[in-house]
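Survey of secondary and tertiary structure
These are the residues of each chain, in order.
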Amino acid sequence: MRSETVRRTSYCRLCASSCGVLLDIEDGRIRDVLGDAQHPISGGYTCPKGRRGADLTHGPGRLTTSMRRTADGRHEPIAVPLAVADIATRLRRIVDEHGPDAVALFCGTQQNFAALTPPSARAWFRGTGSHKLFSTMTIDQSAKWVVAERMGTYLGGRQRFADADVWLLIGTNPVVSGNGGDGDGAVVQNPATTLRRARERGLTLIVVDPRRTETAALADIHLAPRPGTDAVMLAGLLHVILAEGLHDPAFCERHAAGLPALRAAVGGVTPAVVERICDVPAQDVRAAARVFGKGNRGMATSGTGLCMGPHSNVAEHLVAALNVVCGRYLREGERADDRAVLTRHVPARAEVAAPARAYERGFRSRVGGVRAIRGELPSGILADEILEPGPDRVRALVVSGGNPATALPDRSKALRALRSLDLLVCVDPYMSDTARLAHHIIAPTTMYERADHTAIMESFFPSRFAQFTSSVVTPPAGVVDDWRFFFDLAAASGQPFKFAGRILDPSSPPTSTELLAVMTERGRLPFDELVSAEHGRLVGDSGTVVAPPTPEAAGRRLELMPDDVRAELEDALQPSPVAGDFPFRLVVRRIREAVNSTGIRVPGLVPGGGNPARVHPDDLERLGVADGAQVVLRSASGSLRVTARADHTLARGAVSMTHCFGGVDGDAAGVNVNNLTGTLDGVQTINAMPTLSAVPVAIVPATEEEDS
Ligand code: SF4
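Reading the values: rules and limits
Residues numbered from 1 in each chain as written. Predicted model: local features only at pLDDT ≥ 70, side-chain atom pairs only at ≥ 80, totals over all residues. Heavy atoms only, no water. Domains from an automatic or database assignment. Contact = heavy atoms within 4.5 Å. Buried area = accessible area lost by both parts, 1.4 Å probe. Salt bridge = Lys/Arg side-chain N within 4 Å of Asp/Glu carboxyl O. Polar contact = N/O pair within 3.5 Å; in protein donor to acceptor, adjacent residues only side chain to side chain. Helix = DSSP H or I, 4+ residues; strand = E, 2+ residues; numbered from the N terminus. Nonpolar A, V, L, I, M, F, W, Y, C, P; charged D, E, K, R; others polar. Phe/Tyr/Trp six-rings, centres within 6.5 Å; stacked < 30°, edge-to-face > 60°. Buried < 20%, exposed > 50% of the residue type's maximum accessible area, 1.4 Å probe, protein only. Lys NZ or Arg CZ within 6 Å of the ring centre and 35° of its normal. Core = buried A, V, L, I, M, F, W, Y, C linked by side-chain atoms within 4.5 Å.

Side note on the domain arrangement of the chain
When its domains are assigned, the chain resolves into domain 1 (1-59), domain 2 (66-88 + 98-108 + 130-139 + 370-442), domain 3 (142-353 + 557-568) and domain 4 (574-707). In this structure, domain 1 and domain 4 have C-alpha centres spaced 33 Å apart. Counting residues at the interface gives seven residues for domain 1 and nine residues for domain 4. Between domain 1 and domain 4, a total of about 690 Å² is buried, with carbon and sulfur atoms accounting for 72% of that surface. On the surface where domain 1 and domain 4 come into contact, there are zero salt bridges. Our count for the domain 1 to domain 4 interface comes out at zero residue pairs in polar contact (both at pLDDT 80 or more). At the level of secondary structure, the elements contributing two or more residues to the side of domain 1 that touches domain 4 comprise helix H1 (48-51) and helix H2 (53-58). By residue class, the composition of the side of domain 1 that touches domain 4 is four nonpolar, no polar and three charged.

Structural notes on the packing of aromatic side chains
Scanning all chains against the criterion turns up 11 aromatic pairs. Ring geometry for Trp124 and Phe486: centres 5.9 Å apart, planes at 40 degrees, overall tilted. One end of the pair, Trp124, is in helix H4 (residues 117-128); the other, Phe486, is in helix H20 (residues 482-492), and 362 residues separate them in sequence. Per residue, the accessibility class of Trp124 equals that of Phe486, and both read buried. A network of ring pairs unites the aromatic residues Trp124, Phe125, Phe485 and Phe486 as a single cluster. The cationic tip of Arg13 hangs over the ring face of Tyr11; the distance from NZ or CZ to the ring centre is 4.8 Å. Residue placement shows Arg328 over the ring face of Phe292; its charged tip is 4.6 Å from the ring centre.

Observations regarding the nonpolar core
Of all hydrophobic cores here, the largest spans 80 residues; its most connected members are Leu262, Leu318 and Val325. The element contributing the most residues to this core is helix H9 (residues 230-243), with 10 residues. Here Leu318 is in contact with Ala231, Leu234, Ala235, Leu238, Leu262, Met561 and Leu569, once residues within four sequence places are set aside. Counting 48 residues, the second largest nonpolar core, distinct from the first, contains Leu91, Ile94, Leu116 and Val425.

Here you go:
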């Protein structure tokens, strides 16, 4: 007999969109995930992976108990308290012998969607005294940090998508990824509908991407530059805007320095030069620049396609420069960009935080002398931090909500490094690649098994909004909330655990809800009101405006073209030296069905289940390769056998694949792109970011490769 179905309200925590959902629960298990039509932000929208929330919670790959590796390499169940005690003992031994910098923490993307996990993981990490903090930020987004450090930041807020009349997206495909930029609240929720409605109200959408992506298909103007030439394209757009006087001289005069240097640096990057380097018609470059420059409101925002590509730091700098020279920021007296509900409201001021270049003073790694940026060492050097002999080499790594085995560049080096650790601890609800290599796997609660709120996601919402959810299904007995693992590990290690400014008593653990309440103490919505708002709460505009600058801000300016950025632009304008051997460029590709490696193992979720190399049909024909045939991709760093698929949306000369597929034991469908990337390829200064998109590759029919 069918038991009663209970419907509960919650929100999805697989990506920043945080869509409202209704869960039909039967016998304590989620049967269906439906969009919550009453949700003020998502309005009933969900994506394919969100709708498979039941499989992510109860599916066959879900770990329902923590595991430890035995001497013969198998994994066996272990109770969490025993695992914590063993991990604490082993960490203590490593620190006693080699010092705190032998311990590292790697924070993955999924960590960010649980409000309590990032502060708790960092609270434990601070107590270790180590400097070896890594995250996925330095795999796909650290150019944005570099820009803020070298250009500075305008503190008045950005113009918003809601009232924009022009928007430029470069290297990002929000219709698929749900992320239109860098936390700017641009295009995150229900992206295709949001973009269509914006165009209906008059917004002109410009998309720059070597592929006619799902987002580009909605654009008014699509520029498809040769992969890896984003910096040149952006310099060309700036050239036209400055040459034709389409910039905002008043904003530049008041808030920017280096306009003449920027003008000089892009002076030679005419539309004809862009056409030669980027393979985009000069008139299209000119037309896009004019549309963007003549728009009244709207920004340029970028994503991983740009941040993982060659010359990413200067390319990202030029995105910011486009916004600055066009004055796409809120002015004194304008309605302030304020989405803080649970977090502390930071008043907007019409002033600049000067470029700090704090990385010049950060902790220095012995690997290449690379310094920490914003408290983190770049993930591009993590494998070398483990493998390079030395007194403070990383011997113990704790991974939280991430999968470095699939995400780090140079796959074989990354696996060698992870296998060589004295202690690898992986906090993951699934048997990921990294978990398979771990000495301890801590199985945490999944999203619908834990209480949570949207504090960390506020900047991604288009309106001032917050939501709380309680745990809506009972977790398996053998799992633990991520935050609680870090709290218990700190307690077992005798370390203080500082959370939201207070040291917690290790003998008296709080509940998740108590900690969530503590996090909101400096917000503007009382916690009990948040908890009682079943579908979340829109918090009305209190009428704040951008305040005038403080006297001490006088003279602070955004640096448009410092010398090191100019040198990087000159470098980006040089022809690629390896074009002959590797005529194709392998670019990143997001898919709706997975967020990095989350989702790739859910049966039937990813169409076809694999990760083919998509190539323009003309290129396949020229190579004599049939659609669906096996090919070998070769790069300077490695090779990969993969199925080739014809794809009309790609520019000729481009190949696209999705990162984070593949399994160390051949258990997961698809292949891992990082077999083709290297830690030394096109490495950027400051953030040690190697080239992970627009990677030069050759395509060889598999039979020829095998014969040779
Ligand atoms: S877009 Fe999809 S994965 Fe992201 S929150 Fe919404 S349903 Fe979940």
